[in-house]
Amino acid sequence: MTGHKLLPAISVPMRGSICLDHIFVRGPLPSEAVGLVCAFSQKQRISAHNKAPKQKINLLAVDAKLSDIDWTNIFNSDDVDQAAKNFSDILEGTIQENTDYIRVKRKLRNLKPWITPGLIRCQKNRDRLHQQARKNPDDLVCQTIFKRYFLFALQQRFKISYEKQQRDENKDNPKRLWETIKDICNISANRSVATELIRTHANPAESVNQYNEYFSSIGGNLANDTFLKLNTTEKSLAAEHTTSNSENNSLFIQSTDQYEDDNLIENLKNDSAPGLDGLTSIIIKTIKKTNYRPFNTHF
């Protein structure tokens, strides 16, 4: 390196007693290198990046405790805002009392929902057999045991069973059924890039006009595509339209019932993030059956 006029900047090990950083400088001016030693070790740096403890809520205990609460004061309250606040405070306090924080080891984490604890143990056993087979390539017994360990077929069976269960659970909900099918087939929506919008033009006015023209023509383009698919015209569709005999100024809204609330709650996504009150979709689905009246009154 000296032949290329490169001089070492660090000549003292800075990380341990045998680790030397290769840093070279080149130039006619004198230079000086300064090494900074961190106050914490490598082990401390690793522990600082550990994941936070996992939150585990005892849903059955939350449901049982809410069932024993007397909601009369909240129902008879004249202040709606105060009643809603008291209701949220009761829910938040009950959830906090029945929440535990546990730290799951990395080897016990399941990356897929269909992976069971027993399957994790089988995977660990498979990895152990693989290591033994690599260390002993001439051992026929070790090689045979590893090759006959049919974990792949077991994984496929668990996966197919889980996917079938998901399809059966969502067969009455077309939206969730299609989401399940897309997850199973690993299909993602293909989104086209609006190249006309991101393309640069000669001047800002031309870019703005192109932008406005693109969005103002969306409705017309959709209507023209619909006419082509139906093989009809706008006048023909207008002639076939019939008006109802109901009063134009009448408005009737039915009261909310338990059936409507159940449908709204059941259609909530399980993996959606909670709001400021900390109520997740799974918590609401669990406690709605025995605590229907408070939910129907305040939500």
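It is worth spelling out helix α4 (residues 80-97) at this point. Look at α4: 26 Å from first C-alpha to last across 18 residues, which is about the 26 Å you get at 1.5 Å a residue. Of the positions making up α4, those classed as buried are A83, F87, L91, T94 and I95. For α4, the angular spread of the buried residues around the axis is 100 degrees, confining them to a single face. In α4, those exposed residues whose orientation departs by more than 90 degrees from the buried face are D81 and E97.

This brings us to the packing of helix α5 (residues 117-135) against helix α6 (residues 140-147). In the contact formed by α5 and α6, the axes pass within 9 Å of each other and the chain directions differ by 150 degrees. One element, α5, and the other, α6, form an angle in the roughly antiparallel class. Seen from above, α5 lies across α6 with left-handed handedness. The segment α5 lies against α6, with R126, L129, H130, Q132 and A133 engaging C142, Q143, I145 and F146.

Now for the confidence of the model for the chain. The pLDDT averaged across the chain works out to 75; a share of 70% of its residues lies at or above 70. Mean pLDDT across the secondary structure elements of the chain bottoms out at helix α1 (residues 42-48), with 38, and peaks at helix α7 (residues 151-169), with 88. Within the model, the stretch residues 38-50 combines pLDDT values under 50 with 3 contacts to residues more than four positions away or in other chains.

Of all residues except glycine, most have a negative phi; of all peptide bonds, most are trans. In this model, N231 sits at a positive phi of 55 degrees, which is unusual for a non-glycine residue. The exposed category is assigned to N231, whose relative accessible area is 72%.

The full count for this structure, using the stated rule, is 3 aromatic pairs. Their ring planes at 55 degrees and their centres at 5.4 Å tell us that W71 and F87 sit as a pair that is tilted. On the criterion of sequence distance, the pair formed by W71 in the loop between α2 (59-67) and α3 (72-75) and F87 in helix α4 is long-range, its members being 16 residues apart. Judged by relative accessible area, F87 falls into the buried class, the value being 2%. On the basis of an interplanar angle of 90 degrees and a centroid distance of 5.2 Å, the ring pair of Y214 and F215 is categorised as edge-to-face. Judged by its relative accessible area of 36%, Y214 is partly exposed. Given a relative accessible area of 42%, F215 falls into the partly exposed group. Linked through ring pairs, Y211, Y214 and F215 together constitute an aromatic cluster.

A separate point is the side chain of Q155. Tracing the chain through its elements places Q155 in helix α7. If we skip the residues at most four places from it in the chain, Q155 touches W114, L119 and Q123.

To continue, consider the pattern of salt bridges. Taken as a whole and assessed by the stated rule, the structure comprises 4 salt bridges. E97 is the partner of K65 in a salt bridge, and the nearest nitrogen-oxygen pair spans 2.0 Å. Of the two residues, K65 sits in helix α2 while E97 sits in helix α4, which places them 32 residues apart along the sequence. Note that D168 is salt-bridged to K164, the shortest N-O span being 3.2 Å.

About the cut-offs
- Residues numbered from 1 in each chain as written.
- Predicted model: local features only at pLDDT ≥ 70, side-chain atom pairs only at ≥ 80, totals over all residues.
- Heavy atoms only, no water.
- Helix = DSSP H or I, 4+ residues; strand = E, 2+ residues; numbered from the N terminus.
- Expected span 1.5 Å × (residues − 1).
- Buried < 20%, exposed > 50% of the residue type's maximum accessible area, 1.4 Å probe, protein only.
- Arc of directions from axis to C-beta.
- Axes fitted to C-alpha atoms, helices over the stretch in contact; angles between N-to-C directions.
- Parallel < 35°, antiparallel > 145°, perpendicular 65-115°, else oblique.
- Left-handed = near helix turned anticlockwise from the far one by under 90°.
- Contact = heavy atoms within 4.5 Å.
- pLDDT = per-residue confidence, 0-100.
- Phe/Tyr/Trp six-rings, centres within 6.5 Å; stacked < 30°, edge-to-face > 60°.
- Salt bridge = Lys/Arg side-chain N within 4 Å of Asp/Glu carboxyl O.

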